[in-house]
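Chain and residue survey
Read off the chains here:
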Amino acid sequence: MTAMKGSLSTVQLFSKRFVFPAIISLGTFLILFWIYYSSWYVNNRLLHYLFTDIVGALFGFFVMFNVLFIYPIFYFRGASSVERLIGASFITFFWCIKEVYRMTEFYSLGESAFFLLFPLQFNIIILSFGLMGLSEMGCRFMAKKYQQSDLKVITPLPLSVVIIVLAIIVFTLHDGGVTYFFMYNDLYKILFM
Amino acid sequence: MGKYDSSVLNRKITRREVIKRTGAGLLSLGLMGINSTGIAKGKQYPPNIVFILSDDHRWDALSYLGHPIAETPNMDRLAREGVLFKNAFCTTSLCSPSRASFLTGQYAHSHGVKNNLTAWHNTNSTFFEPFHEAGYETAFIGKWHMPGGLPKLRGLDHFITFNADGGQGRYFNCPMIVDGKDVPSRKEYITEELTDYSIDFIKKKKDKPFCLYLAHKAVHYQSFPPKDMQDLYENVDLNLPREADNWVGITDGQFYPQTLRKLYRDYLACLKAMDQQIGRVLDELDRQGLADNTIVVYAADNGFFWGEHHLLDKRWPYEESIRIPFLLRYPKLVKKTDRKIDQMVLNIDLAPTLLDLAGIQQIPSMDGESMVPYLMNSDKPGRKAWLYEYFSDYPYWVPETKAIRTERYKYIEYQGRRSPEFFDLKNDPKEMNNLYLSSLKEPLLARLKTDLDRLKHGERL
């Protein structure tokens, strides 16, 4: 009985600390996705612009920066490090799946997967890791301030992730992304042509 | 209907004949004390060629055609003093293949530059060769941008280009390559830089006629206007199509990391700046007394979507993408000016047309046809149908495409799981209503499918 209680308690905790934030995260993504693409078919000119402009901006912002909002929910609901990492990767993961699937319409699976290294996609993926590192330190700071936690705010792992991600993003964008884009193209030719 | 001096058109000139005529002209002008640039004034001398190619300039972005924002007084001047082909198209709506088509008079499947990844072959023949053979001084100035690095073009005397940023060049301070030598930019803005080189070439004292190919980088993405024009259209109502979406450049693999409105404003300002530079070339021809005997052609490599079909960019086989501006002025020959010609003409028709106008033997491998009959007779029946082709260009999300475009209909076949499309352009010019599954059109569709197969196999319709 005690074991059962313990097991039930674990399940409830898991739903609270992982499933619930995951549903919030995916739900927001799907709602914004649906509104944005549906708004293409709104006939009223003003409403059309309103929807595409505002929801389009929100959708793009959410795809790129969702980790900043999702990670703290996982953190303060008690998700473990691995759970936080998995949970905060959901949107990026689904976005990548959507993009790779889209590419499979005309390209091989290998070429479609290689699309994840395309500057925009690659930066979305890389940025999500950088934001996880940043969010981890931000959450620790909040925990220390409001929950009297004795955690160290800045530790080598999240800090180094943030620095590495920043360096990669600066490299990929430094000349308007031109160098990285042509490196990507050259690599494509080597691999697939 | 225009009035034409048919003797100009009917002759075929050999290199020997050009030298003979030029020599005689020079001698007589020399005796008269007139400088050598005056030879083009003489009616019997071969025409000079100035072909100006822009990048991504959509066909209707001309004030001559009543565009609500675009300001193109110098291109309008070309149309007023010449003709505008209002049904001009590119056979592949993508920079590298289309540029190669202008140069060779061939489809992409013939010249081999199928997309931005497949290389140019130096075995390809361009129109520079026969012009050079006929005694012309030839110059390529501007954007090359074809895979495989810079080419070795036979028949070319001067090659001024750039290879920065993968051959796309830069709007500001673009390093140049002048006849194989790297040189820094002389002017800050690329369109002005290329125009300066072109004017230098025109001004150079010559004992020969010239053939100038001026390929601008403008108005291609990033469409940076010169600094004094950056806010030119800041508060203008862009009058975008109903289905336009400000973010569409970023979504669904269209790779333009700016909003559509910002891009369009820059594009229009960049276009105005290019038009001003075209005006400088026209003015220089006037100053040199060359305008009357110079064929000036202006065209773009492909069109562009500004939100139509929820698209930005080109490539797709819809009208906004495949139509191009095409203006031709040749005062000595085309007397009835300021008119719009209806017949369908293609980018592959440029080379045969220039050779025809100059009276030079055609290159047999060309797929295109001379437009001269339409210049001579506006009522002459034009081509009935032509082949549009697009080869996939990784990583762009556009399927390989084959389409037939007739005067009224368009039938499109896509690679992959996308269904074909069939449009009645007369009743549905914006191509919003796909009739592919309409049983009413089945007999017509069957005929178009057959005709498309014939075009794919190289037949002409």
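Residues numbered from 1 in each chain as written. Chains lettered and ligands numbered in written order. Predicted model: local features only at pLDDT ≥ 70, side-chain atom pairs only at ≥ 80, totals over all residues.

The next subject is the sheet that holds strand β1 (residues 48-54) of chain B. Residue and element names in this part refer to chain B. In spatial order, the strands read β7-β6-β5-β4-β8-β1-β9-β12-β2-β13; together these ten strands make up an open sheet with mixed pairing. Edge strands, defined here as strands with exactly one partner in the open sheet, are β7 (181-183) and β13 (339-341). When strand polarity is set aside, the average angle formed by the axes of neighbouring strands in this sheet is 15°. Inspection of the sheet shows β1 paired to strand β8 (residues 210-215) by five bridges, in the parallel sense. The residue of β8 that forms the bridge with L53 is A215. On top of the sheet, helix α7 (residues 190-203) reaches β4 (137-142), β5 (158-161) and β8; it is set at about 170° to β4, its chief contact. (Pairing = 2+ DSSP bridges. Helix = DSSP H or I, 4+ residues; strand = E, 2+ residues; numbered from the N terminus. Axes fitted to C-alpha atoms, helices over the stretch in contact; angles between N-to-C directions. Contact = placed C-beta atoms within 7 Å.)

Residues and elements named next belong to chain A. Running from amino to carboxyl end, helix α6 (residues 119-146) crosses helix α7 (residues 156-173) at an angle of 155°, the nearest separation of the two axes being 8 Å. Here α6 lies roughly antiparallel to α7, going by the angle between them. Of the two possible hands of crossing, α6 and α7 adopt the one that is left-handed. Residues P119, F122, N123, I126, L127, F129, G130, G133, L134, E136 and M137 of α6 form the contact with α7, whose participating residues are P158, L159, V161, V162, V165, L166, I168, I169 and T172. Of the residues assigned to the contact of α6 with α7, the class counts are 15 nonpolar, four polar and one charged. (Parallel < 35°, antiparallel > 145°, perpendicular 65-115°, else oblique. Left-handed = near helix turned anticlockwise from the far one by under 90°. Nonpolar A, V, L, I, M, F, W, Y, C, P; charged D, E, K, R; others polar.)

A few words now on the confidence of the model for chain B. All names here are of chain B. Per-residue pLDDT for chain B has a mean of 90; in total, 90% of the residues score no lower than 70. In this model residues 1-11 is a low-confidence stretch, pLDDT under 50, and it forms 18 contacts with partners more than four residues away in sequence or in other chains. A low-confidence stretch, residues 18-43 stays under pLDDT 50, and its non-local contacts, those more than four residues away or across chains, total 42 contacts. Overall fold confidence (pTM) sits at 0.88, and the ipTM for the predicted complex is 0.82. (pLDDT = per-residue confidence, 0-100.)

Soluble globular proteins tend to pack their nonpolar side chains together in the buried interior. One finds I141(B) and L212(B) to be the most contacted residues of the largest nonpolar core, which totals 145 residues. Counting only domains with at least three residues in this core, you end up with domain 1 (6-384) and domain 2 (399-461) of chain B. Once residues lying within four places of it in the same chain are set aside, the contact partners of L212(B) are I49(B), V50(B), F51(B), A139(B), I141(B), S198(B), F201(B) and I202(B). Core analysis: the next-biggest nonpolar cluster, separate from the first, contains 13 residues, F74(A), Y75(A), A79(A) and V162(A) among them. (Core = buried A, V, L, I, M, F, W, Y, C linked by C-beta atoms within 7 Å. Buried ≥ 20, exposed ≤ 12 C-beta atoms within 10 Å, placed from the backbone. Domains from an automatic or database assignment.)

As a further point, take unusual backbone geometry. Residues and elements named next belong to chain B. Omega for the bond connecting A218 with V219 falls within 30 degrees of zero, at 5°, which places this linkage in the cis form. Tracing the chain through its elements places V219 in the loop between β8 and α8 (260-287). Residues Y394 and P395 are joined by a peptide bond in cis, for which omega reads 5°. Note on placement: P395 falls in the loop between β15 (385-390) and β16 (401-406). Unlike most non-glycine residues, D165 shows phi in positive territory, near 50°. The topology assignment puts D165 in the loop between β5 and β6 (176-178). With a phi angle near 75°, R315 is a residue other than glycine that sits in the positive phi range. Classification of R315 as buried rests on a count of 24 C-beta atoms within 10 Å.

Below, the discussion takes up the sheet that holds strand β17 (residues 409-414) of chain B. Residues and elements named next belong to chain B. One open sheet holds the four strands; their spatial order is β15-β16-β17-β18, and the pairing between them is antiparallel. The open sheet is flanked by β15 and β18 (421-424), the only strands paired with a single partner. Strand-to-strand twist in this sheet, taken as the mean axis angle between neighbours without regard to direction, amounts to 15°. Relative to β17, β16 runs antiparallel, the two sharing five bridges. Following the sheet pairing, R405 is matched in β17 by K410.

Moving on, we come to α7(A). All names here are of chain A. With 18 residues, α7 extends 26 Å from end C-alpha to end C-alpha; this agrees with the ideal 26 Å at 1.5 Å per step. Of all the residues in α7, the buried ones are P158, V162 and V165. On an axial view of α7, the arc spanned by its buried residues comes to 70°, and they lie on one face. Across α7 from its buried face, at more than 90 degrees, point the exposed residues P156, L157, S160, I163, A167 and V170. Buried residues along α7 sit against α6. (Expected span 1.5 Å × (residues − 1). Arc of directions from axis to C-beta.)

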